[in-house]
Amino acid sequence: SLKHVLKPMVEATDHRVLLPTSNPKLQVAEAGGFVEVTYFDRPRFRFPRPDCALLPVQNTTAELLAAYFADAVWARLREGGFGTLALIEVEVEESEGQSATYRLPLDV
């Protein structure tokens with residue numbers, strides 16, 4: 001079901017530091033139970049690994065997160081045998097009244 005697809009994704013990202021691993025300006029590395037982030041040559045930031053969600057996006061904007069989640073939902077639904085959908089729509093809300101919606105039309 002959709003709930004079984006979404007629940008692990010929400011749990012993996014909710015109330016965590018979202019770190020984009022595809023941003024060319026950032027270096028994100030795991031070391032000794034921590035995630036270290038360097039922005040260009042500025043001093044690095046260090047976060048406990050359990051507090052972080054490493055995401056394969058260039059930035060953690062609502063728009064890019066909505067696209068990432070739509071693609072991830074579709075991949076997991078296909079794995080579960082749900083291949084007859086026509087569209088997936090994901091909305092990511094940054095705060096009340098501030099959101100981005102991504103529509104992923106599916107070629108089935």
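The rules behind each value
- Residues numbered from 1 in each chain as written.
- Predicted model: local features only at pLDDT ≥ 70, side-chain atom pairs only at ≥ 80, totals over all residues.
- Heavy atoms only, no water.
- Core = buried A, V, L, I, M, F, W, Y, C linked by side-chain atoms within 4.5 Å.
- Buried < 20%, exposed > 50% of the residue type's maximum accessible area, 1.4 Å probe, protein only.
- Helix = DSSP H or I, 4+ residues; strand = E, 2+ residues; numbered from the N terminus.
- Contact = heavy atoms within 4.5 Å.
- Salt bridge = Lys/Arg side-chain N within 4 Å of Asp/Glu carboxyl O.
- Expected span 1.5 Å × (residues − 1).
- Phe/Tyr/Trp six-rings, centres within 6.5 Å; stacked < 30°, edge-to-face > 60°.

### Topic: the nonpolar core
With 19 residues, the main nonpolar core has I88, V90 and V92 as its most contacted residues. Of all elements in the fold, only helix 1 (2-13), helix 2 (62-79), strand 6 (87-95) and strand 7 (98-105) reach the threshold of two or more residues within this core. It is helix 2 that provides the largest number of residues to this core, a total of 9 residues. Those residues within four positions of V92 in sequence are excluded, and the remaining contacts are A62, L65, A66, F69, Q98, S99 and A100.

### Re the side chain of T38
The residue T38 is located in strand 3 (residues 34-39) in this model. When neighbours within four sequence positions are excluded, T38 is seen to be in contact with K25, L26, Q27 and R44.

### Considerations on the pattern of salt bridges
The final tally for this structure, using the stated rule, is 5 salt bridges. As a salt-bridge pair, R46 and E36 come within 3.8 Å of each other at their nearest N and O atoms. Here R46 is found in strand 4 (residues 45-48), whereas its partner E36 is found in strand 3, with 10 residues between them in sequence. The closest approach of N and O atoms between R103 and E89, which form a salt bridge, is 2.8 Å. Pair noted here: R103 is in strand 7 and E89 is in strand 6, with a separation of 14 residues, a long-range link.

### Focus on helix 2
For helix 2, which comprises 18 residues, the first-to-last C-alpha distance of 26 Å matches the rise-based estimate of 26 Å (1.5 Å per residue) to within 8%. Looking only at helix 2, the buried set comprises A62, L65, A66, A67, F69, A70, A72, V73, W74 and L77. In this fold, the buried residues of helix 2 make contact with helix 1, strand 1 (17-20), strand 5 (52-55), strand 6 and strand 7. After helix 2 finishes, the residue G81 shows a positive phi value of roughly 90 degrees.

### Concerning the packing of aromatic side chains
Overall, the coordinates contain 2 aromatic pairs when judged by the stated rule. Ring plane angle 70 degrees and centroid distance 4.8 Å describe the contact between Y39 and F40, whose orientation is recorded as edge-to-face. Its relative accessible area of 28% is what places Y39 among the partly exposed residues.

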